[in-house]
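# Residue-level structure breakdown
Here is what each chain is made of, one letter per residue.
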Amino acid sequence: MIFNPTEENIQRAAEQIKHGNIVAFPTETVYGLGADCFNPIAVAKIFEAKQRPAFNPLIVHINSLTQLENIAEIHNDRILKLINSFWPGPLTVILPRKKSIPDIVTSGLDTVAIRMPRHKVALSLIHKAGVPIAAPSANMFGLLSPTTSAHVQNQLSGRVEFILDGGNAEIGLESTIVDFSGGSLKILRPGGLTIEEIEKVAGKAEVEKNINGKPNSPGQLQHHYAPSKPLFIIDDNAGEIIKGKKAGAIFLSGNNTGIKFHAEKILSPEGDLREAAANFFRHLHELENSNVEIIAAEKIEERGLGIAIMDRLNRAAAKFASG
Ligand code: TXA
Ligand code: MG
């Protein structure tokens, strides 16, 4: 059930967390499905609800640096700079873990992924629960990430009892994941914080190109983030591909293809990448739930948030291409 984020309801959600249950909650990136990070049975309920393979580690959400100290070591000045600049916000850091974190959270890795979200409801929930909250995005494994409480309800109805509402996710793309463990700064997943912003503060970063290779972040399977309908990136063959089908299309600022689609979605009329990111999953959910049979997506220039958007689109298209 969806609950308004009143103080009272956030308190009730926090009680659920304390009692070892799972709760879906809003963040500024996407909605999360959370549990007490110190309670392995509670965390197992997340995997069960999402039908997520257990090898995929979770992000631990904190509301203070004191919580950080209880679960991880800060081993690097550049990480500290990033944390000071971008927390709370859409940045996840991979740090050496402390023993307090159960294996089920990290899938047995000796590192842990940590983020301080900036959504008021998320921060208040963590505060009231009194523990960091381990949470993946609140979608079924491999499907589209939710940016509204209704998206969560559609995918996880019957699997999670408590869904806290927090409006449309402000950023609309998952956090950017950075890792320093090899000695150099690596971006494991492009996301809501741009690489340019990160490099301004912490120097040169290397973007892991894993779309056609082995996943480095265990959850970065090639086919992640896919809608349940086939999706392809528009090229010269688009007309052929959609022939005889009801096709929906997603464009950055407008349809310049000369092809008429059954349904057309515009991410941002002005071509603003922030607005585009915020609308991205919502438009995909809408097309997925409409009567179109196939989804065509315009290629977006890979700069700023365009990198994260194309990362999600390439993964969705890879699923279609591989059947
Ligand atoms: O914006 C977000 O990050 C959202 C909200 C809810 O915070 N969460 C999210 O979680 O996207 P999830 O589980 O869908 O993605 C977490 C990613 C996965 O790709 C996982 O493999 C990676 O983080 N990850 C977690 N722990 C890791 C670790 N120790 N080393 C490398 N990658 C890790
Ligand atoms: Mg996810």
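Figured I'd write up the structure that's included with this text. (Residues numbered from 1 in each chain as written. Chains lettered and ligands numbered in written order. Predicted model: local features only at pLDDT ≥ 70, side-chain atom pairs only at ≥ 80, totals over all residues. Heavy atoms only, no water.)

This part takes up the layout of surface pockets. Estimated volume of the second largest pocket: approximately 270 Å³. Along its surface, the second largest pocket is lined by 15 residues, and R118, I171, G192, E197 and R274 are the ones closest to its centre. Where the lining of the second largest pocket is concerned, the elements lending two or more residues are helix 4 (77-86) and helix 10 (273-288). When its residues are assigned to classes, the lining of the second largest pocket shows seven nonpolar, four polar and four charged. (1 Å grid on protein atoms, 1.4 Å probe; cavity = no way out; pocket = protein on both sides within 12 Å on 5 of 7 lines; lining within 4 Å. Points joined across faces, edges and corners; volume = space filled by probe spheres on them. Helix = DSSP H or I, 4+ residues; strand = E, 2+ residues; numbered from the N terminus. Nonpolar A, V, L, I, M, F, W, Y, C, P; charged D, E, K, R; others polar.)

As a further point, take helix 8 (residues 195-202). Those residues of helix 8 lying buried are I195, I198 and A202. Along the long axis of helix 8, the arc covered by the buried residues comes to 60°, so they all point the same way. Along its buried surface, helix 8 packs onto helix 4, strand 5 (91-96), strand 9 (176-179), strand 10 (186-189), strand 11 (206-207) and helix 11 (305-321). Two residues or fewer past helix 8, G203 is found with a positive phi of approximately 85°. (Buried < 20%, exposed > 50% of the residue type's maximum accessible area, 1.4 Å probe, protein only. Arc of directions from axis to C-beta. Contact = heavy atoms within 4.5 Å.)

What follows covers the packing of helix 4 against helix 8. Taken N-terminus to C-terminus, the directions of helix 4 and helix 8 make an angle of 120°; their axes are 9 Å apart at the nearest point. Taken together, the axes of helix 4 and helix 8 are oblique relative to one another. Here the hand of the crossing between helix 4 and helix 8 comes out right-handed. Contact residues: helix 4 offers R78, K81, L82, S85 and F86, while helix 8 offers E197, I198, V201 and A202. A breakdown of the residues in the contact of helix 4 with helix 8 according to their chemical character gives five nonpolar, one polar and three charged. (Axes fitted to C-alpha atoms, helices over the stretch in contact; angles between N-to-C directions. Parallel < 35°, antiparallel > 145°, perpendicular 65-115°, else oblique. Left-handed = near helix turned anticlockwise from the far one by under 90°.)

With that settled, the discussion passes to empty space enclosed by the protein. Taken as a whole and judged by the stated rule, the model has one cavity of 30 Å³ or more. Counted as a void, the largest cavity has a volume near 40 Å³. For the largest cavity, the full set of lining residues is T176, P190, G191, L193, T194, I195, G304, L305, I307 and A308. Here the residues of the lining of the largest cavity sort into six nonpolar, four polar and no charged.

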